[in-house]
Amino acid sequence: ANAALVVFRPDNMAAFTVSMSALVGAPVKARSSVVSRKAVQQRGARLVVRAEGEEAEAKADALAGLKPTKCADFKSMSNDELNAQIVDAKKKLFELRMRQSTRKEYKGHHFGILKTKIAQIRTVKREREVTEGVNKRDSRKIKREERAANIYL
């Protein structure tokens, strides 16, 4: 798999691409100047390794507009809509974990946002069950049945 090394300068964030040989410390040619790994580190630049064709994938990011939510946002939704929201949030969490494990770019605070969102939705669902008079034992039974019907719940 061909990969490129993108070097960002901290002062102006200008980027240039060099080959993978920079990772092993060999001098490489980039924009008519020879750059070694040590020289890059001394200049205070940061290194980002990307496979070819990953730029388009990074731009079309499903998690880009992820914002913190409040419990009140979910109180007006039906139970089916809440289940759909939980499934969506869990799929995004899975995608984040995959990005983390494959060392792709991700934002760590998105984990907390998604986990909080799932907890808020479950809280709203449980509040509704309490107002309907469903005890905890029956609530867990309902939850198990929902989980059997949909693996993402």
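Below: a short report on this structure. (Residues numbered from 1 in each chain as written. Predicted model: local features only at pLDDT ≥ 70, side-chain atom pairs only at ≥ 80, totals over all residues. Heavy atoms only, no water.)

## Notes on a positive patch on the surface
Keep this limit in mind: In this analysis, a patch consists of residues with relative accessible area above 30% that form no salt bridge, clustered at 9 Å for like charges and at 5 Å for the nonpolar side chains Val, Leu, Ile, Met, Phe, Trp and Tyr. Using a 1.4 Å probe, accessible areas were evaluated by the Shrake-Rupley method; residue-level cover was limited to the displayed protein chains. The term salt bridge refers to a pairing of a side-chain nitrogen on Lys or Arg with a carboxyl oxygen on Asp or Glu at a separation within 4 Å. Residues counted as positive are Lys and Arg, residues counted as negative are Asp and Glu, and His and the chain ends are not counted. Where a charge lies is defined by one atom per residue type, namely NZ (Lys), CZ (Arg), CG (Asp) and CD (Glu). Numbering of helices and strands runs from the N terminus, with a helix taken as a DSSP run of H or I at least four residues long and a strand as a DSSP run of E at least two residues long.
On the surface, a cluster of positive charge is made up of Arg-122, Lys-136, Arg-140, Lys-141, Lys-143, Arg-144 and Arg-147. Ranked by residues supplied to the positive patch, first place goes to helix α5 (residues 136-149) with six residues. Inspection of the secondary structure assignment puts Arg-140 in helix α5.

## Some thoughts on the packing of helix α4 (residues 109-132) against α5
Put simply, the rule reads: Here an axis means a line fitted to C-alpha atoms, over the contact stretch when the element is a helix, while the angle between two N-to-C directions is reported on a 0 to 180 degree scale. Should an angle fall under 35 degrees it is called roughly parallel, over 145 degrees roughly antiparallel, and 65 to 115 degrees roughly perpendicular, with every other angle called oblique. Take the far helix as your reference; a near helix turned counterclockwise from it by less than a right angle gives a left-handed crossing, and one turned clockwise gives a right-handed crossing. In this analysis, two residues are considered to be in contact whenever any of their non-hydrogen atoms come within 4.5 Å of each other. Three classes are used, and their members are as follows: Ala, Val, Leu, Ile, Met, Phe, Trp, Tyr, Cys and Pro are nonpolar, Asp, Glu, Lys and Arg are charged, and the others, Gly among them, are polar.
Between α4 and α5, whose axes approach to 11 Å, the crossing angle comes to 130°. Compared by their axis directions, α4 and α5 come out oblique. Here α4 and α5 pass one another in a crossing that is right-handed. On the side of α4, the interface is formed by Lys-125, Arg-126 and Glu-129, while α5 contributes Lys-136, Ser-139, Ile-142 and Glu-146. Of the residues belonging to the contact of α4 with α5, the class tally is one nonpolar, one polar and five charged.

Worth remembering: the numbers are spatial, not functional.
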